[in-house]
Amino acid sequence: MFASSRFTVRRRAVAAAGTAAALALTLAACGSSGDSSSMPGMDHGTKPAASSSQSPSPSMGDMPGMDHMADGNGLSDTQDGYRFISRDATLPSGKQAAYRFTVTGTGDKPVTGFALDQTKRMHFYAIRSDLTGFQHIHPTMAADGTWTAGLASLAPGSWRTFVSFTPDSGSGKGRDFVLSRTVTVPGNSTKTPLPAPATTAEVDGYTVTVKGEPMAGMAHPLTVTVSKDGKPVTDLQPYLDTYAHLTAFHEGDQEFAHLHPTTKVTGDNGGPDLAFHAELPTAGNWRLFLQFQTGGKLHTAALTLHVG
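Analysis parameters
- Residues numbered from 1 in each chain as written.
- Predicted model: local features only at pLDDT ≥ 70, side-chain atom pairs only at ≥ 80, totals over all residues.
- Heavy atoms only, no water.
- Pairing = 2+ DSSP bridges.
- Helix = DSSP H or I, 4+ residues; strand = E, 2+ residues; numbered from the N terminus.
- Axes fitted to C-alpha atoms, helices over the stretch in contact; angles between N-to-C directions.
- Salt bridge = Lys/Arg side-chain N within 4 Å of Asp/Glu carboxyl O.
- Buried < 20%, exposed > 50% of the residue type's maximum accessible area, 1.4 Å probe, protein only.
- Core = buried A, V, L, I, M, F, W, Y, C linked by side-chain atoms within 4.5 Å.
- Polar contact = N/O pair within 3.5 Å; in protein donor to acceptor, adjacent residues only side chain to side chain.

1. Focus on the sheet that holds strand β9 (residues 177-185)
Taken in spatial order, the 4 strands line up as β5-β4-β8-β9 in an open sheet, and their pairing is antiparallel. Edge positions in the sheet fall to β5 (135-137) and β9, since each of these pairs with one other strand and no more. On average, each strand axis in the sheet is tilted by 20 degrees relative to the strand beside it, whichever way the strands run.

2. Re the pattern of salt bridges
Evaluation of the coordinates by the stated rule reveals 3 salt bridges. A salt bridge links D80 to R175, with the shortest nitrogen-to-oxygen separation between them at 2.8 Å. Residue D80 is located in the loop between β1 (78-79) and β2 (82-85), and its partner R175 is located in the loop between β8 (157-165) and β9; the two are separated by 95 residues in the primary sequence. Of the residues examined, D80 reaches a relative accessible area of 48% and is grouped as partly exposed. For R175, a relative accessible area of 25% corresponds to the partly exposed category. With a shortest N-O distance of 2.5 Å, D130 and R128 are connected by a salt bridge. With a relative accessible area of 7%, D130 lands in the buried category.

3. Digging into the pairing of β9
Regular strands have side chains that alternate between both faces of the sheet. Extensive coverage of β9 is indicated by the burial of 8 of its 9 residues. Where β8 meets β9, 9 bridges bridge the pair, whose relative direction is antiparallel. Pairing of T161 across the sheet is with R181, part of β9.

4. Brief notes about the nonpolar core
Soluble globular proteins: nonpolar side chains tend toward being buried together. Core analysis: the largest hydrophobic core is formed by 28 residues, its most contacted members being V224, L259, F276, L280, L290 and F292. Going through the elements one at a time, β10 (200-203), β11 (206-211), β12 (219-228), β14 (245-250), β15 (256-261), β16 (273-279), β17 (284-294) and β18 (297-307) are the ones with two or more residues in this core. Counting 24 residues, the second largest nonpolar core, distinct from the first, contains I137, A149, L154 and F165.

5. Describing the side chain of Q118
Looking at the element boundaries, Q118 is found in the loop between β3 (97-104) and β4 (123-128). For Q118, a relative accessible area of 13% corresponds to the buried category. Side-chain polar atoms of Q118 contact the backbone oxygen of L240, separated by 3.3 Å.

Below is the structure:
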C-alpha cells in the first residue's frame, strides 16, 4: 500500500547497517482505527527548516522497498528545486473535500512524469496536528499536472498534508521526495491527547503487536505480528506490493517517516510476522499507522512508539 513515504543519514549508512539489520530481523523474526474512522482507504542530523506552507507559491539487494529512501523530514514544501503548491489554505469541516495541488520543478513548471512507488505514482497523507484523523490517499492527476485528493470528513483544527513521489525525469529523477503544507479546517477544535506508548493495538478484531527498540538516528529492525482471537493471521493480502504499509509521524512537529517493509510478497498468505526497516531520526513519541488487507478489506491500526 503508508511513501515516503520519505532522513539526513544517507544510503551509505543504511547499506552499512543492512547486514546487521537483516540478521536482527532473522532472529526477531492508505481501513479504520480509533484515529481514522473517516479514512477513505485509507537526514538524520540537522533538520531543514520548515517553510511557510501557506504561501502560494544504493539499493538493499533483495529487501523490497529498500531502494526508496527519501531525504529530509517532510516538513518543508520545497526541496532541491521541487515545490508542493496548493491554493487550498482552508478546507470545510465535517464533509468530504477535494484537495487540489501541483508539484513543480525546473522553471516552476508542473511535473507530470512520476515513477511508480509501491504501485502508485503519488502517495498523499493528511493528519491533524494532534496526530489524529490519518488519511492515506492515492490522488489522480490531470493532463496539466494538477492532482486531486478526495479527502474524507475532517475535524476542525490545523492539518498537515504530505505528498510522497519520485520524479522519473529531470534533476530529481529516481530520488524520493516528501513535501508538506498546512491547511486549516475552521471550527471549534478540541485537542486529543496522544495515547501512551504501547506495543499492541486493536483494529476490526485484529491484534497488532510491534517488537523492536529503535534509537533516534539509527537503522533498526521492527517486527509486526498480526493475530485474531489469539491465533496467528496468515491470510494477509498484498497491499501496495507489500503485506503492510507503515507510516509514522512525530509528536509535536508531525515529522514524517515511512518504515520500509522487508518481507517479500508471495501471494495471499502473508503473516503473521512482518519485518520492517525503521529509521526514525528524532527521539520522542511517534504515532504509527499500520495498514494491511484481508478479504479485500483494508484495516488501519494505530499505536504510539517511543524512540530513545
